Amino acid sequence: MTRPPGGGVRPHGSDPAKLWRALTYGVPLGFLAVFFVYPLVSILERGLRSDGALTSPLDLLTDPLTREVVWFTVWQALASTVLTIAVAFPAAYVVGRYAFTGRSVVRALITIPFVLPTVVVALAFIAILPDGLERGWAAILIAHAFFNVAVVVRVVGTFWASLDRRVTEAAATLGAGPWQRFREVTLPLLAPSLAAAAAIVFLFSFTSFGIVLILGGPGYSTIEAEIYNQAVRIYDLRAAAVLSLVQLLCVGLAVWVSLRLESRLAVRGQLRAERDVLRRPRTRGEKALVAGSLGALGVFLGLPLAVLVERSLATASGHDFGAYRALAEPTPALLAAPWEAIVNSIVYATAATLIALVVGGLAAFAVAGPGGTRILDGLLMLPLGASAVMLGFGFVIAFDEAPLDFRSAPWIVPVAQALVAIPFVVRIVAPTLRAIDERQREAAAMLGASPGRVRREIDVPIVGRALAVAAGFAFAISLGEFGATVFLARPDRPTLPVAIFRFLGRPGELNAGQAYALAVVLMVVTAVSVLLVERIRLRRGGWL
Amino acid sequence: MLRVENITVCFAELAALDAVTLDVAGGEVVAVLGPSGSGKSTLLRVVAGLQRLDSGRVLLDGEDLAPTPPHRRGIGLVFQDHALFQHKDVWGNIAFGLRMRGGTRPEIERRVRELLELVGLTGFEHRSVATLSGGEQQRVALARALAPEPRVLLLDEPLGSLDRRLRDRLLDDLVGLFAELRITAIYVTHDQAEAFALGDRVAVMREGRVVQTETPDALWAHPADEDVARFLGLGNVRDGAIVRPEAVRVTAAVGEEEADGVVESVIRHGPTVRLRVRLADGELLEAAVASLDHPAPGDSVTVDVDPDGIVRLP
């Protein structure tokens, strides 16, 4: 029986309700206005004005270098997406169709590469790829696939695990063979999740920065990396600003296309609980398939990280902890001892997590609450698309004059990192809030709970878990954040990714060894925070 | 004790409840019987205070409940599909209402144990509700609603999502429980067997109205109109009168000329067999036969009707 509308448990129009609403809308919108919109406007101004007069950016847009950069950005993103789906598909199939011991462990382990800092991934591939291949487009594509496999396995695999087996069985009884069943039934049903995953991978690859900057080498620059080159190395702020605008337009277009695609492909159907769908592999062939797919993926994901660890311990004469011990000593590569970067990273990431939780948590209530709009939802996603490098660059040119000279303020790094993490926080918390069955609140009210008590007993405990999950992700993201931080971190207060990057920029075996050692430290800290998250993760928390 | 007076509720101009009046005496169970969409659940939500109403009153012991929010009404509701708190275990669910009332720990402890025993779930205290079977979840939902000793208990198709055998068993349990607790309750269902088994009286709803409220026997003996008769499964309506299937006697015809009709279908319903006979005038007549030696489809038969089994419709 359908539930009639018009329930009356939530208070409407009362003063606490109004205050709550003002808080949930005001704080996120204010934060975005100051730390996102204003830097963006500054970029716009810098790109369209030179010497105080409006200038057409056409000269820069038609520049062959710009065209080359845009072209490379687009094709490497497309190629990365195709490669990622190809690599991830067998594992998505296995996770989506079979129940096996350690299935949840596999899902957790697969997620680790996705949240690893880009700098660590780049370093792992420098460590493992043979000389000559370690830089260039192939290295970029492989690193992107490594990075994004989790997205495809989790989005597609989770969706697959909710597709009713009986639909393909029905097709079989109607005479469809395995290939026909896949093409005619499974693939169309999977299409929305494939499109969603592809869109995410494309966007991440399109805005990829750390990997391209480190693995790209000369001639392989994406828009994102070129913004950094122009702003920091060539110091052409106008070119960097114009490239930022190009980036923004491209990302907007990509998001629009993917949303259209998703709504076109959407198939409404009854989704089933995983336990009704998954079954144990029975035949030898099935067992081999499960073991083979996961084993191959395990090697692809595990080997680079293992080699990274090995290289951090390698010396000319064997293996020892020399590179790690050297982290305590001052080095010409940095204005601080390397170990201080570990402390800086943890302090910054903790602050960023707190900011992201407060702003993103309030925003989630606004988005999920009555009258929550898609516009606000979309607005909150913007920092994700606008890319971290743009944010960092925007901060540098927006906050360079009194009274807004914040460039060396200690809180500017956490604020930028929080901005990158907020979309994830909203994405994790809002669906949980929305998913709370109104009848749970009604049931509590029927048992004597007042509206405030209902929020305390029902909303808060349920969202509490999502908030804990979001905190873990925000922390991991902030730890590895590189694009914005590389602009903003003071030379005497580097974070781990920045320190690694500085070491890489200098020749010598000890520098390389220290870069590897710091990357291992960063990897371990990140992995621990993610594994903690996985333990408290909601069982049905979407793809994250 | 509970009086629902002239309640009207409209959804987008459409009356989901249309001037509904219903009385429930203390210790009485009223079963509300009707097809889906007839407004049964809306009626419960009105009594619970979860649904605003366009006109009418809900009185409990003579007091108008309009200004009382749901959480202060002291009315228990067992939701369709249970609506258990997924983030709490069995104990946490059952103790919830007691905690809201501000009971002391030993009090709560004693009462929860009492209820677990009542619904046969002792030992399930710390099980997660997600791991329970449908029947167990239903029992937890019932225990949760009963724990704070509500003045009135409302049940919204509590057995609706369960399979038939489990339903029959829980139905027996509920009958025993209601008799033992002398509880005042409204029990909403679309299932005739549930309504007749549990209701001291049965209120039949159709399109937002209560069309008849009677004891099960009286309802069965005198349906208010043809629709109620048909809803109860009394399909033989001829010339403004109901012919009870069990009053129709069917015997094999000796010769073609003597036959009153031909058997069209034979369906066993538990202890009786339902025969549908196409009469010479083209009408269908249903007969319930207890004998194992009954005619087969296609047989020509003669039909007699016991006059006691004919009920004139008003």
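Scoring rules and cut-offs
- Throughout this description, residue numbers start from 1 for each chain and increase along the sequence as written.
- Chains carry letters and ligands carry numbers; both start at the beginning, A for chains and 1 for ligands, and go up in the order they are written.
- pLDDT decides what is reported in this predicted model: residues at 70 or higher carry local features, side-chain atom pairs at 80 or more are listed and counted, and totals for whole chains, interfaces and linings draw on all residues regardless.
- Computation of side-chain values: all heavy atoms of the structure, hydrogens and water removed.
- Here a strand is any run of E in DSSP of at least two residues, a helix any run of H or I of at least four, and the numbering for each starts at the N terminus.
- Throughout, radius of gyration means the C-alpha value; the globule benchmark is 2.2 Å times the number of residues raised to the power 0.38.
- A simple rule labels every residue: compare its accessible area, found with a 1.4 Å probe on the protein chains alone, to the largest value its type can have, and call it buried under 20%, exposed over 50%, or partly exposed in between.
- Note on definitions: a residue-residue contact is assigned when non-hydrogen atoms from the two residues lie within 4.5 Å.
- Method for areas: the Shrake-Rupley scheme with a 1.4 Å probe, in which residue coverage is limited to the protein chains shown.
- Positive: Lys, Arg. Negative: Asp, Glu. His and the chain ends are not part of the count.
- Charge positions come from single atoms, namely NZ of Lys, CZ of Arg, CG of Asp or CD of Glu.
- We define buried area as the total accessible area lost by two parts upon association, computed with a 1.4 Å probe and summed across both.
- One side-chain nitrogen of Lys or Arg within 4 Å of one carboxyl oxygen of Asp or Glu is enough to make a salt bridge.
- Pairing of N or O atoms within 3.5 Å defines a polar contact, subject to two protein rules: one partner must be a possible hydrogen donor and the other a possible acceptor, and residues neighboring in sequence count only if both atoms are side-chain atoms.
- Lys, Arg, Asp and Glu make up the charged group, whereas Ala, Val, Leu, Ile, Met, Phe, Trp, Tyr, Cys and Pro make up the nonpolar group; the residues left over, Gly among them, are polar.
- Only Phe, Tyr and Trp rings are paired, with Trp represented by its six-membered ring, and only when their centres lie within 6.5 Å; those with planes under 30 degrees apart are stacked, over 60 edge-to-face, the remainder tilted.
- Here, a charge over a ring means that NZ of Lys or CZ of Arg falls within 6 Å of the ring centre while also lying within 35 degrees of the ring normal.
- Residue-level confidence of the predictor, termed pLDDT, takes values from 0 up to 100.
- An expected span of 1.5 Å times one less than the residue number is assigned to each helix.
- Fitting axes to the seven residues that end at a residue and to the seven that start at it, the angle between those axes gives the bend at that residue.
- For two strands to pair, DSSP has to find at least two bridges joining them.
- Axis angles are defined between N-to-C directions and span 0 to 180 degrees, where every axis is a line fitted to C-alpha atoms and, for a helix, only to the segment in contact.
- For classification purposes, an angle smaller than 35 degrees is called roughly parallel, one larger than 145 roughly antiparallel, one from 65 to 115 roughly perpendicular, and anything else oblique.

A. Geometry of the overall build of chain A. Across its full length, chain A holds 23 helices and four strands. Taken over the C-alpha trace, chain A has a radius of gyration of 24 Å; the compact-globule value for 544 residues is 24 Å, and the two agree within 12%. Put simply, chain A has 544 residues, and 53% of those count as buried. Restricting the contact set of chain A to residue pairs at least 6 apart, pairs at least 24 apart contribute 82%. For chain A, the computed accessible surface area is about 24,200 Å², with 65% contributed by carbon and sulfur atoms. Computed over 48 positive and 35 negative side-chain charges, the inter-centroid distance for chain A is 12 Å.

B. Focus on the interface of chain A and chain B. With 25 residues of chain A in contact, the opposing surface of chain B contributes 32 residues. Here chain A and chain B share an interface that buries about 2,500 Å² over both sides, 61% of which is from carbon and sulfur atoms. With a shortest N-O distance of 2.6 Å, Glu 457 of chain A and Arg 99 of chain B are connected by a salt bridge. Between chain A and chain B we count six residue pairs in polar contact (both at pLDDT 80 or more) in total. Elements supplying a minimum of two residues to the side of chain A that touches chain B: α19 (438–446) and α20 (451–480) of chain A. Counting residues per element, the side of chain A that touches chain B draws most heavily on α19 of chain A, at seven residues. Grouping the amino acids of the side of chain A that touches chain B by side-chain chemistry returns 14 nonpolar, six polar and five charged.

C. Just the packing of aromatic side chains, in detail. Within this structure, the stated rule accounts for 26 aromatic pairs over all chains. Taking the centre distance of 6.2 Å and the plane angle of 85° together, the rings of Phe 89 of chain A and Phe 182 of chain A count as edge-to-face. In this pair, Phe 89 of chain A is assigned in helix α3 (residues 64–97) and Phe 182 of chain A in helix α8 (residues 178–206), connecting sequence segments 93 residues apart. Each ring, one from Phe 146 of chain A and one from Phe 300 of chain A, has its centre 6.2 Å from the other, and the planes form 70°; the classification is edge-to-face. In this pair, Phe 146 of chain A is assigned in helix α6 (residues 137–160) and Phe 300 of chain A in helix α13 (residues 284–313), connecting sequence segments 154 residues apart. Members of the aromatic cluster, each reached through a chain of ring pairs, are Phe 31, Phe 35, Tyr 38, Phe 395, Phe 399 and Trp 411 of chain A. The ring of Phe 85 of chain B has Arg 144 of chain B sitting right over it, with the charged end atom 4.6 Å from the ring centre.

D. Fine view of the confidence of the model for chain A. Summary statistics for chain A give a mean pLDDT of 82 and a share of 91% for residues scoring 70 or more. Confidence, read as mean pLDDT per element, is least for helix α16 (residues 374–386) of chain A in chain A (69) and greatest for α3 of chain A (91).

E. A look at the environment of Val 525 of chain A. Residue and element names in this part refer to chain A. Tracing the backbone through its elements, the reader meets Val 525 in helix α23 (residues 509–536). C-alpha separation for the pair Val 525 and Ile 346, spaced 179 residues apart in sequence, amounts to 9.1 Å. Contacts of Val 525, omitting those with residues within four sequence positions, involve Phe 475 and Leu 479.

F. Broad picture of α20 of chain A. Look at α20 of chain A: 41 Å from first C-alpha to last across 30 residues, which is about the 44 Å you get at 1.5 Å a residue. Along α20 of chain A, the largest kink reaches about 40° and is centred on Val 460 of chain A; proline Pro 461 of chain A follows within four residues of it.

G. How the structure looks around the pairing of strand β16 (residues 284–289) of chain B. Alignment of strand β15 (residues 272–279) of chain B against β16 of chain B, held across six bridges, turns out to be antiparallel. The residue of β16 of chain B that forms the bridge with Val 273 of chain B is Val 289 of chain B.

H. Molecular detail of the packing of α3 of chain A against helix α10 (residues 223–233) of chain A. Residues and elements named next belong to chain A. Interhelical geometry of α3 versus α10 gives an angle of 140° and a closest axis separation of 9 Å. Comparing their axes, α10 and α3 come out oblique. Contacts from Leu 65, Val 69, Val 70 and Thr 73 of α3 reach α10 at Ile 223, Glu 226 and Gln 230. Of the residues contributing to the contact of α3 with α10, the split by class is four nonpolar, two polar and one charged.

I. The arrangement of the side chain of Arg 139 of chain B in detail. Residues and elements named next belong to chain B. Summarising the element assignment, Arg 139 is placed in helix α4 (residues 134–146). On the basis of relative accessible area, Arg 139 is assigned to the buried category, the value being 16%. Reaching out from Arg 139, the side chain makes a polar contact with the backbone oxygen of Val 119 at a distance of 2.8 Å. At 3.4 Å, the side chain of Arg 139 forms a polar contact with the side chain of Asp 173. Filtering out sequence-adjacent residues up to four positions away, Arg 139 remains in contact with Val 119, Leu 121, Arg 169, Leu 170 and Asp 173.

J. Structural view of the sheet that holds strand β2 (residues 14–24) of chain B. Residue and element names in this part refer to chain B. Read across the sheet, four strands follow the order β2-β1-β4-β5 without closing on themselves; strand pairing throughout is antiparallel. Strand pairing shows two members of the sheet lacking a second neighbour, β2 and β5 (63–64), which therefore form its edges. Pairing analysis gives seven bridges linking strand β1 (residues 2–11) to β2, with the strands arranged antiparallel. If you follow Val 4 over to β2, its bridge partner there is Leu 22. Contacts between helix α1 (residues 40–48) and the sheet are confined to β1, β2 and β4 (55–60), with β1 contributing the most and set at about 115° to the helix.

K. Region of the structure containing unusual backbone geometry. All names here are of chain B. Of note in the backbone geometry, His 82 takes a positive phi value of approximately 75° without being a glycine. Mapping His 82 onto the fold places it in the loop between β6 (75–78) and α2 (90–101). Classification of His 82 as buried rests on a relative accessible area of 4%. Positive phi, close to 40°, is recorded for Glu 157, a residue that is not glycine. The residue Glu 157 is located in the loop between β7 (152–156) and α5 (164–181) in this model.

L. Structural view of the pattern of salt bridges. What the rule picks out here adds up to 29 salt bridges over all chains. For the salt bridge of Asp 459 of chain A with Arg 441 of chain A, the shortest nitrogen-to-oxygen distance reads 2.9 Å. Taken together, the positions of Asp 459 of chain A in helix α20 and Arg 441 of chain A in helix α19 put the pair 18 residues apart, joining distant regions of the chain. Ionic pairing is found between Glu 457 of chain A and Lys 88 of chain B, a salt bridge with its closest N-O pair at 3.5 Å. Linking Glu 457 of chain A in helix α20 with Lys 88 of chain B in the loop between β6 and α2, this pair reaches from one chain into another. Assigned by exposure class, Glu 457 of chain A and Lys 88 of chain B land together as buried. Through salt bridges with shared partners, one network takes in Arg 453 and Glu 457 of chain A together with Lys 88 and Arg 99 of chain B.

M. A look at the confidence of the model for chain B. On average, chain B scores 88 in pLDDT, and the residues at 70 or more come to 100%. Across the interfaces of the predicted complex, the ipTM metric reaches 0.75, alongside a pTM of 0.71.

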